[in-house]
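The lines below spell out each chain.
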Amino acid sequence: MKDREVFTLMSPIKKFSLILPVSLAFFAVSGLAQTAAVEGTVMGTDGKTLQGAQMKIERLDVKGNYTVKTDKKGHYFYGGLPGGSYKITVVVGGKDMDSMNGIPIKIGDTTQQNFDLSKSAAAGGGVAAPVDESGRALSAAEKAELEKKNKEQAAALAKNKALNDAFNEGKTAAAAGQWDAAIAGFTKAAEADPTQHVVWGNLADAYVGRSKATPAGKDGDLEKAADAYQKAIAIKVDDAAYLNNYAL
(Lines give C-alpha, C1' and ligand atoms only; values in the text may rest on other atoms or scores of the structure.)
Protein backbone atom coordinates (compact mmCIF):
# COMPACT_ATOMS: atom_id res chain seq x y z
CA MET A 1 0.00 0.00 0.00
CA LYS A 2 2.84 2.38 0.70
CA ASP A 3 4.28 1.88 -2.77
CA ARG A 4 0.90 2.58 -4.31
CA GLU A 5 0.60 5.86 -2.39
CA VAL A 6 3.99 7.02 -3.68
CA PHE A 7 3.03 6.14 -7.26
CA THR A 8 -0.22 8.09 -6.92
CA LEU A 9 1.60 11.17 -5.73
CA MET A 10 4.19 11.15 -8.49
CA SER A 11 2.01 10.17 -11.46
CA PRO A 12 0.79 13.77 -12.15
CA ILE A 13 4.37 14.54 -13.28
CA LYS A 14 3.17 13.29 -16.66
CA LYS A 15 1.20 16.51 -16.96
CA PHE A 16 4.37 18.60 -17.25
CA SER A 17 4.14 18.61 -21.03
CA LEU A 18 0.92 20.60 -20.71
CA ILE A 19 1.80 22.80 -17.74
CA LEU A 20 5.36 23.90 -18.44
CA PRO A 21 4.77 25.92 -21.61
CA VAL A 22 2.70 28.39 -19.57
CA SER A 23 5.80 29.61 -17.76
CA LEU A 24 8.38 28.96 -20.46
CA ALA A 25 6.86 30.00 -23.77
CA PHE A 26 7.99 33.59 -23.28
CA PHE A 27 11.62 32.52 -22.94
CA ALA A 28 11.76 30.03 -25.80
CA VAL A 29 14.88 30.23 -27.96
CA SER A 30 14.85 28.62 -31.37
CA GLY A 31 17.60 26.33 -32.59
CA LEU A 32 18.41 28.99 -35.20
CA ALA A 33 19.19 31.54 -32.46
CA GLN A 34 16.86 34.18 -33.94
CA THR A 35 17.11 37.67 -32.50
CA ALA A 36 15.19 40.93 -32.30
CA ALA A 37 15.97 44.64 -32.62
CA VAL A 38 14.86 47.98 -31.22
CA GLU A 39 15.13 51.45 -32.77
CA GLY A 40 13.74 54.93 -32.42
CA THR A 41 14.33 58.67 -32.44
CA VAL A 42 15.14 60.91 -29.47
CA MET A 43 13.99 64.52 -29.40
CA GLY A 44 15.74 66.93 -27.03
CA THR A 45 14.19 69.49 -24.69
CA ASP A 46 14.56 72.07 -27.46
CA GLY A 47 12.33 70.04 -29.77
CA LYS A 48 15.20 69.06 -32.05
CA THR A 49 16.65 65.59 -32.64
CA LEU A 50 19.27 64.78 -30.03
CA GLN A 51 22.68 63.49 -31.12
CA GLY A 52 24.99 61.49 -28.86
CA ALA A 53 22.42 60.46 -26.24
CA GLN A 54 23.27 57.14 -24.64
CA MET A 55 20.50 54.56 -24.82
CA LYS A 56 20.55 51.98 -22.02
CA ILE A 57 18.69 48.84 -23.05
CA GLU A 58 18.13 46.56 -20.05
CA ARG A 59 16.55 43.12 -20.28
CA LEU A 60 14.23 42.55 -17.34
CA ASP A 61 13.61 38.77 -17.38
CA VAL A 62 17.00 37.15 -17.91
CA LYS A 63 19.19 40.11 -17.07
CA GLY A 64 21.13 41.75 -19.89
CA ASN A 65 22.46 45.28 -20.47
CA TYR A 66 23.20 46.88 -23.83
CA THR A 67 24.07 50.44 -24.88
CA VAL A 68 24.11 52.45 -28.09
CA LYS A 69 24.25 56.18 -28.93
CA THR A 70 21.96 58.23 -31.13
CA ASP A 71 23.39 59.39 -34.46
CA LYS A 72 23.33 62.86 -36.06
CA LYS A 73 19.63 62.50 -36.75
CA GLY A 74 18.84 61.46 -33.17
CA HIS A 75 18.23 57.90 -34.32
CA TYR A 76 19.35 54.76 -32.51
CA PHE A 77 19.28 51.09 -33.45
CA TYR A 78 20.35 47.94 -31.61
CA GLY A 79 20.07 44.50 -33.18
CA GLY A 80 20.87 40.99 -32.02
CA LEU A 81 18.70 41.19 -28.90
CA PRO A 82 17.13 38.12 -27.31
CA GLY A 83 13.36 38.26 -27.11
CA GLY A 84 12.03 39.44 -23.76
CA SER A 85 10.84 42.38 -21.67
CA TYR A 86 13.05 45.48 -21.65
CA LYS A 87 13.57 48.88 -20.07
CA ILE A 88 15.04 51.60 -22.30
CA THR A 89 16.55 54.72 -20.74
CA VAL A 90 17.82 57.94 -22.36
CA VAL A 91 21.00 59.15 -20.66
CA VAL A 92 22.45 62.61 -21.31
CA GLY A 93 25.41 64.06 -19.47
CA GLY A 94 25.43 61.04 -17.16
CA LYS A 95 21.82 61.64 -16.08
CA ASP A 96 18.78 59.48 -16.76
CA MET A 97 16.45 61.78 -18.68
CA ASP A 98 13.58 59.51 -19.60
CA SER A 99 12.77 55.81 -19.65
CA MET A 100 10.16 53.31 -20.76
CA ASN A 101 9.70 50.14 -18.73
CA GLY A 102 8.31 46.73 -19.69
CA ILE A 103 8.72 47.03 -23.47
CA PRO A 104 8.00 43.65 -25.10
CA ILE A 105 10.58 42.81 -27.78
CA LYS A 106 9.72 39.79 -29.90
CA ILE A 107 12.00 37.49 -31.84
CA GLY A 108 12.16 38.45 -35.53
CA ASP A 109 10.66 41.93 -34.96
CA THR A 110 12.11 45.44 -34.83
CA THR A 111 10.38 47.33 -32.02
CA GLN A 112 9.94 51.10 -32.38
CA GLN A 113 10.41 53.23 -29.24
CA ASN A 114 10.73 57.01 -29.55
CA PHE A 115 11.45 59.57 -26.82
CA ASP A 116 10.60 63.28 -26.54
CA LEU A 117 12.51 64.85 -23.65
CA SER A 118 10.55 68.10 -23.85
CA LYS A 119 7.36 66.22 -22.99
CA SER A 120 8.98 64.07 -20.30
CA ALA A 121 10.61 67.13 -18.70
CA ALA A 122 7.26 68.92 -18.60
CA ALA A 123 5.58 65.89 -17.09
CA GLY A 124 8.33 65.25 -14.56
CA GLY A 125 8.71 68.82 -13.42
CA GLY A 126 12.08 68.35 -11.73
CA VAL A 127 13.97 66.58 -14.49
CA ALA A 128 17.24 68.31 -15.25
CA ALA A 129 17.86 69.61 -18.75
CA PRO A 130 20.54 67.91 -20.87
CA VAL A 131 24.01 69.37 -20.64
CA ASP A 132 25.83 70.09 -23.89
CA GLU A 133 29.39 68.93 -23.31
CA SER A 134 30.62 69.22 -26.89
CA GLY A 135 34.11 70.67 -27.03
CA ARG A 136 34.68 70.55 -23.27
CA ALA A 137 37.54 68.39 -22.00
CA LEU A 138 36.82 66.05 -19.12
CA SER A 139 38.37 66.82 -15.76
CA ALA A 140 40.63 64.23 -14.11
CA ALA A 141 37.83 63.26 -11.72
CA GLU A 142 35.30 62.96 -14.55
CA LYS A 143 37.70 60.89 -16.63
CA ALA A 144 38.37 58.54 -13.70
CA GLU A 145 34.63 58.15 -13.09
CA LEU A 146 34.03 57.47 -16.78
CA GLU A 147 36.78 54.84 -16.87
CA LYS A 148 35.32 53.21 -13.76
CA LYS A 149 31.87 53.05 -15.34
CA ASN A 150 33.31 51.65 -18.56
CA LYS A 151 35.09 48.86 -16.66
CA GLU A 152 31.97 48.04 -14.67
CA GLN A 153 29.92 47.97 -17.85
CA ALA A 154 32.44 45.73 -19.60
CA ALA A 155 32.38 43.30 -16.67
CA ALA A 156 28.57 43.33 -16.61
CA LEU A 157 28.40 42.70 -20.36
CA ALA A 158 30.81 39.77 -20.07
CA LYS A 159 28.71 38.27 -17.27
CA ASN A 160 25.51 38.80 -19.22
CA LYS A 161 27.00 37.18 -22.32
CA ALA A 162 28.07 34.12 -20.33
CA LEU A 163 24.61 33.91 -18.76
CA ASN A 164 22.72 34.25 -22.03
CA ASP A 165 25.03 31.91 -23.95
CA ALA A 166 24.62 29.18 -21.32
CA PHE A 167 20.85 29.75 -21.05
CA ASN A 168 20.41 29.58 -24.84
CA GLU A 169 22.54 26.42 -24.99
CA GLY A 170 20.23 24.84 -22.45
CA LYS A 171 17.08 25.92 -24.31
CA THR A 172 18.35 24.63 -27.66
CA ALA A 173 19.35 21.28 -26.14
CA ALA A 174 16.03 20.96 -24.28
CA ALA A 175 14.08 21.63 -27.48
CA ALA A 176 15.97 18.73 -29.08
CA GLY A 177 15.39 16.42 -26.11
CA GLN A 178 19.11 16.37 -25.27
CA TRP A 179 18.58 16.46 -21.54
CA ASP A 180 22.17 16.00 -20.37
CA ALA A 181 23.29 18.96 -22.49
CA ALA A 182 20.27 20.99 -21.38
CA ILE A 183 21.05 20.36 -17.71
CA ALA A 184 24.69 21.32 -18.30
CA GLY A 185 23.69 24.57 -20.01
CA PHE A 186 21.17 25.63 -17.36
CA THR A 187 23.61 24.69 -14.60
CA LYS A 188 26.24 27.00 -16.13
CA ALA A 189 23.64 29.75 -16.37
CA ALA A 190 22.74 29.28 -12.69
CA GLU A 191 26.41 29.52 -11.75
CA ALA A 192 26.74 32.73 -13.78
CA ASP A 193 23.77 34.31 -12.01
CA PRO A 194 21.88 32.34 -9.33
CA THR A 195 19.26 35.09 -8.95
CA GLN A 196 17.44 34.27 -12.21
CA HIS A 197 14.25 32.37 -11.48
CA VAL A 198 13.75 31.38 -15.14
CA VAL A 199 17.12 29.61 -15.12
CA TRP A 200 16.15 27.49 -12.11
CA GLY A 201 12.72 26.81 -13.61
CA ASN A 202 14.23 25.61 -16.88
CA LEU A 203 16.79 23.50 -15.01
CA ALA A 204 13.96 21.82 -13.11
CA ASP A 205 12.13 21.16 -16.37
CA ALA A 206 15.24 19.58 -17.85
CA TYR A 207 15.57 17.20 -14.90
CA VAL A 208 11.91 16.24 -15.30
CA GLY A 209 12.49 15.65 -19.01
CA ARG A 210 15.45 13.39 -18.31
CA SER A 211 13.50 11.49 -15.65
CA LYS A 212 11.01 10.52 -18.34
CA ALA A 213 13.65 9.62 -20.92
CA THR A 214 15.80 7.66 -18.46
CA PRO A 215 13.56 5.93 -15.90
CA ALA A 216 16.54 4.28 -14.19
CA GLY A 217 17.57 7.64 -12.71
CA LYS A 218 14.04 8.96 -12.24
CA ASP A 219 14.06 9.33 -8.46
CA GLY A 220 17.33 11.25 -8.38
CA ASP A 221 16.31 13.55 -11.24
CA LEU A 222 12.94 14.32 -9.65
CA GLU A 223 14.65 15.21 -6.37
CA LYS A 224 16.95 17.61 -8.26
CA ALA A 225 13.95 19.02 -10.13
CA ALA A 226 12.16 19.68 -6.83
CA ASP A 227 15.24 21.44 -5.47
CA ALA A 228 15.51 23.63 -8.57
CA TYR A 229 11.80 24.52 -8.38
CA GLN A 230 12.28 25.53 -4.74
CA LYS A 231 15.05 27.92 -5.78
CA ALA A 232 12.84 29.41 -8.53
CA ILE A 233 9.94 29.85 -6.09
CA ALA A 234 12.20 31.46 -3.48
CA ILE A 235 13.06 34.14 -6.05
CA LYS A 236 9.57 34.54 -7.54
CA VAL A 237 7.05 33.41 -4.97
CA ASP A 238 4.00 34.49 -6.97
CA ASP A 239 4.64 32.34 -10.05
CA ALA A 240 1.70 29.95 -10.24
CA ALA A 241 3.36 27.64 -12.77
CA TYR A 242 6.40 27.04 -10.56
CA LEU A 243 4.19 26.33 -7.56
CA ASN A 244 1.98 23.99 -9.55
CA ASN A 245 4.86 22.04 -11.07
CA TYR A 246 6.63 21.78 -7.73
CA ALA A 247 3.46 20.49 -6.10
CA LEU A 248 3.11 17.85 -8.79
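Please read these numbers as outputs of a predicted model, since none were measured by experiment.

S.K.: Even after reading the chapter, I still don't get the sheet that holds strand β2 (residues 54-59), so can you show me in this structure?
M.R.: In sheet architecture, strand pairing relies on hydrogen bonds along the backbone and comes in two forms, parallel and antiparallel. Reading across the sheet, the four strands line up as β3-β2-β5-β6 and stay open at both edges, with antiparallel pairing between neighbours. Looking at which strands have only one partner, the edges of the open sheet turn out to be β3 (64-69) and β6 (95-105). Within the sheet, the average angular offset between the axes of one strand and its neighbour, ignoring direction, is 20 degrees. Here six bridges tie β2 to strand β5 (residues 84-92), and the two strands are oriented antiparallel to one another. The partner of Arg 59 across the bridge, within β5, is Tyr 86.

S.K.: Sorry if this is basic, but what is going on with the nonpolar core here?
M.R.: Nonpolar side chains in soluble globular proteins tend to be buried together. Phe 167, Val 199 and Leu 203 are the most contacted members of the largest nonpolar core, which totals 25 residues. No other element matches the eight residues that helix α6 (residues 197-213) contributes to this core. Ignoring sequence-local partners within four residues, the contact set of Leu 203 consists of Ile 183, Phe 186, Thr 187 and Ala 228. Core analysis: the next-biggest nonpolar cluster, separate from the first, contains 19 residues, Val 38, Tyr 66, Ile 105 and Leu 117 among them.

S.K.: What am I meant to see in the environment of Ile 235 here?
M.R.: Mapped onto the fold, Ile 235 is located in helix α7 (residues 218-235). Through-space distance from the C-alpha of Ile 235 to that of Gln 196 is 7.6 Å; in sequence the pair is 39 residues apart. Those residues in contact with Ile 235 that lie beyond four places of it in its chain are Pro 194, Thr 195, Gln 196, His 197 and Trp 200.

S.K.: It is not clear to me how α7 should be interpreted in this structure. Could you clarify?
M.R.: Quick reminder: α-helices carry 3.6 residues per turn. Residues three or four places apart thus point the same way. For α7, which comprises 18 residues, the first-to-last C-alpha distance of 26 Å matches the rise-based estimate of 26 Å (1.5 Å per residue) to within 8%. By the burial criterion, the buried members of α7 are Asp 221, Leu 222, Ala 225, Ala 228, Tyr 229, Ala 232 and Ile 233. The buried residues of α7 occupy an angular sector of 140 degrees when the element is viewed end-on, so they sit on one face. Summarising the geometry of α7, the exposed residues directed more than 90 degrees from the buried face are Asp 219, Glu 223 and Ala 234.

S.K.: What exactly am I supposed to notice about the pattern of salt bridges here?
M.R.: Working definition: two side chains of opposite charge can pair if their charged atoms are close together. One pass over the structure, following the stated rule, counts seven salt bridges. Glu 169 is the partner of Lys 188 in a salt bridge, and the nearest nitrogen-oxygen pair spans 3.0 Å. Of this pair, Lys 188 sits in helix α5 (residues 179-192) while Glu 169 sits in helix α4 (residues 140-175), placing them 19 residues apart in sequence. Classification of Lys 188 by relative accessible area gives partly exposed; the value is 42%. A salt bridge links Asp 238 to Lys 236, with the nearest nitrogen and oxygen atoms 3.5 Å apart. Asp 238 gets classed as exposed once you look at its relative accessible area, which sits at 59%. In this structure Lys 236 comes out as partly exposed when scored by relative accessible area, which is 29%. Bridged by salt links that share partners, the residues Asp 180, Arg 210 and Asp 221 form one connected network.

Conventions used here
- Residues numbered from 1 in each chain as written.
- Predicted model: local features only at pLDDT ≥ 70, side-chain atom pairs only at ≥ 80, totals over all residues.
- Heavy atoms only, no water.
- Pairing = 2+ DSSP bridges.
- Helix = DSSP H or I, 4+ residues; strand = E, 2+ residues; numbered from the N terminus.
- Axes fitted to C-alpha atoms, helices over the stretch in contact; angles between N-to-C directions.
- Core = buried A, V, L, I, M, F, W, Y, C linked by side-chain atoms within 4.5 Å.
- Buried < 20%, exposed > 50% of the residue type's maximum accessible area, 1.4 Å probe, protein only.
- Contact = heavy atoms within 4.5 Å.
- Expected span 1.5 Å × (residues − 1).
- Arc of directions from axis to C-beta.
- Salt bridge = Lys/Arg side-chain N within 4 Å of Asp/Glu carboxyl O.

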